[in-house]
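# Analysis of the macromolecular model
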Amino acid sequence: MHVSIALLLELGLILIVLSVLGTLARRVTLSPIPLYLLAGLALGEGGLLPVPAAGQFVQAGASIGIVLLLLALGLEFSTAEFTTSMRHHLPSAGVDLVNAVPGAVAGWLLGLDGVGVLALGGATFISSSGIIARLLSDLRRLGNRETPSVLAVLVLEDFAMAAYLPVLAVLASGGTWWQAMAGALVAVGAVLAAFAVSSQWGHHIGRLVEHPDNEQLMLRMLGLTMVVAALAEYVHASAAVGAFLVGLTLTGPTADRARAVIEPLRDLFAAVFFVAIGLSVAPAGLLPVLPAALVLAVVTGLTKVLTGRYAASRDGVGPRGRLRAGTALIARGEFSIVIVGLAGAQHPVLAPLVAAYVLLLAVAGPLITRFAGTRLTKRPSEQLHGT
């Protein structure tokens, strides 16, 4: 077997850099996500230290990272309680659609055609499930009262993407509206069927995965998760939704052991995922579009805060908790990059604009969330449950 010296060297350097940045972030009680993103920007093409040999591994690792992040998040909840939360938050999904309006208006002002306007509206609508999942864990907010409302909004957004992405893909490739709608109906139907199967027969999945040996538990769980995530991607849904559903089906002692065995893998590949977002951005193309991206980031950051506040208010969460829910939704990431990949070739301004927009909110979102709705000193009960 031939071992690539360049690949090993570049991966080693990436991991060392991430270790230093992670240590620095935790010393100042911040999430390391913004620093990981900036590291990816510095290491990418046109950056300070390009890593061409490691690029393919980082991209593959990023796909695994988003799957593991959402699997771990799903393990924190049960199918029954989350299904109830989803139904309760359908009005929140309607409010969330407001986040697409600034992007669509910006696309119109920039002179983009219908597909370009649709693409930019989608990029400003969708939050980053991967960044937010890691952020909630880093800030120890998984047990907070506002967290179920945040997760309900994220999963409803992924449902919307199941309809949106096939439409955009067909129209961007020159297809007709009826072809686009047919693809959207198939994708949404598949996701709804997966949710129904998870709700009705999820306990059987727990029996298949459960094993007294940790190695067997990990292999079975990860194998099943990757297959389900691949099937979700095949029907133009999100691999993240598939992984989240698998996590929801595991409960009790099995879920507790599963969280323990995947935690090191999750942290490793999550870091790679954040670096990959930074690597996808070419620094040279950012400056000309930075003013437009900054305006768009401010406007849609505020509309996301309004979305989160409304969703949390439906769960009876207090003012600080509503603010935490709103700021948690600010970050944009992987889906916005996917949208650019579908429609960016026909619209030269779209790729740099969305890249700058994503980078701004992916870095600023975690920082804003860290300080929003918190006191300098908190009672123990508030640290556990939030208010």
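These notes cover the structure that comes with them. (Residues numbered from 1 in each chain as written. Predicted model: local features only at pLDDT ≥ 70, side-chain atom pairs only at ≥ 80, totals over all residues. Heavy atoms only, no water.)

### Some remarks on the side chain of Thr303
Stated formally: The secondary structure listing takes helices from DSSP runs of H or I that are at least 4 residues long and strands from runs of E that are at least 2 residues long, numbered from the N terminus. Note on contacts: a residue pair qualifies if any of its non-hydrogen atoms lie within 4.5 Å across the two residues.
By the secondary structure assignment, Thr303 is in helix H14 (residues 290-314). Excluding its chain neighbours within four sequence positions, the residues that come into contact with Thr303 are Val98 and Asn99.

### Structural notes on the packing of helix H11 (residues 214-234) against helix H12 (residues 239-249)
Using the following cut-off: In this analysis an axis means a line fitted to C-alpha atoms, helices contributing only their contacting stretch, and an angle means the value between N-to-C directions, from 0 to 180 degrees. Orientation categories follow fixed angle ranges, with anything under 35 degrees roughly parallel, anything over 145 roughly antiparallel, 65 to 115 roughly perpendicular, and all other angles oblique. In this scheme the crossing of two helices becomes right-handed for a clockwise turn of the near helix relative to the far one and left-handed for an anticlockwise turn of less than a right angle. Gly counts as polar in this scheme, as do all residues outside two lists: the nonpolar Ala, Val, Leu, Ile, Met, Phe, Trp, Tyr, Cys and Pro, and the charged Asp, Glu, Lys and Arg.
Contact geometry for H11 and H12: axes closest at 7 Å, N-to-C directions at 140°. With respect to H12, the element H11 is oriented oblique. Once H11 is placed against H12, the crossing between them reads as right-handed. Between H11 and H12, the contacting residues are Leu224, Thr225, Val228, Ala229, Ala232 and Glu233 on the first element and Ala239, Gly242, Ala243 and Val246 on the second. By residue class, the composition of the contact of H11 with H12 is seven nonpolar, two polar and one charged.

### Digging into the packing of H14 against helix H15 (residues 319-328)
The contact between H14 and H15 brings their axes to 7 Å, and the two run at 135°. Regarding the angle of H14 to H15, the classification is oblique. For the pair H14 and H15, the crossing hand works out as right-handed. Contacts between H14 and H15 involve Lys304, Val305, Gly308, Arg309, Ala312 and Ser313 from the former and Pro319, Gly321, Arg322, Leu323, Ala325, Gly326 and Thr327 from the latter. Here the residues of the contact of H14 with H15 are counted per class, giving five nonpolar, five polar and three charged.

### Let's talk about the pattern of salt bridges
Between side chains of opposite charge, a pair can form as their charged atoms come close. Heads up, the rule is: By salt bridge we mean one thing: a side-chain nitrogen of Lys or Arg within 4 Å of a carboxyl oxygen of Asp or Glu. Under the scheme applied here, a residue whose accessible area is under 20% of the maximum for its type counts as buried, over 50% as exposed, and between as partly exposed, the area being computed with a 1.4 Å probe on protein chains only.
As enumerated under the stated definition, the model contains eight salt bridges in all. Across the pair Glu76 and Arg259 runs a salt bridge, and its minimum N-O distance is 3.9 Å. Linking Glu76 in the loop between helix H3 (55-74) and helix H4 (79-88) with Arg259 in helix H13 (residues 252-279), this pair joins segments that are 183 residues apart in sequence. Using a relative accessible area of 34% as the deciding quantity, one classes Glu76 as partly exposed.

### As for a nonpolar patch on the surface
Basically, it comes down to this: Each patch is built from residues that are more than 30% exposed by relative accessible area and take part in no salt bridge. Like charges join if they lie within 9 Å; nonpolar side chains (Val, Leu, Ile, Met, Phe, Trp, Tyr) join within 5 Å. Accessible surface area values rest on a Shrake-Rupley calculation with a 1.4 Å probe, where residue burial reflects the displayed protein chains alone.
Residues Leu9, Leu13, Leu48 and Leu49 make up a contiguous nonpolar surface patch of about 440 Å² in total accessible area. In this structure, Leu48 sits in the loop between helix H2 (33-43) and H3.

### With respect to helix H7 (residues 114-125)
How we decide: Here, expected helix span is obtained from the residue count minus one, scaled by 1.5 Å. As used in this structure description, the phrase polar contact means that two N or O atoms lie within 3.5 Å; if the pair is within protein, one of them must be able to donate a hydrogen and the other to accept it, and residues adjacent in sequence are counted only when both atoms belong to side chains.
The end-to-end C-alpha distance of H7, which contains twelve residues, comes to 16 Å, matching closely the 16 Å that a straight helix rising 1.5 Å per residue would cover. Of all the positions in H7, only Val115, Gly116, Val117, Ala119, Leu120, Gly121, Gly122, Ala123, Thr124 and Phe125 are classed as buried. The secondary structure elements touched by the buried residues of H7 are helix H5 (90-96), helix H6 (100-109), helix H9 (147-172), H14, helix H16 (334-343) and helix H17 (350-371). Measuring from the side-chain oxygen of the N-cap residue of H7 to the backbone nitrogen of Val115 gives 3.2 Å; that N-cap residue is Asp113.

### Details of the environment of Gly341
Assignment of secondary structure puts Gly341 in helix H16. When the C-alpha atoms of Gly341 and Leu142 are compared, they prove to be 32 Å apart, with 199 residues separating the residues in sequence.

### Things to note about the environment of Pro148
By the secondary structure assignment, Pro148 is in helix H9. The exposure class assigned to Pro148 is partly exposed, which follows from its relative accessible area of 26%. Residues within four places of Pro148 in sequence aside, it is in contact with Phe77 and Ser85.

Function cannot be inferred from these measures alone, as they are strictly geometric.
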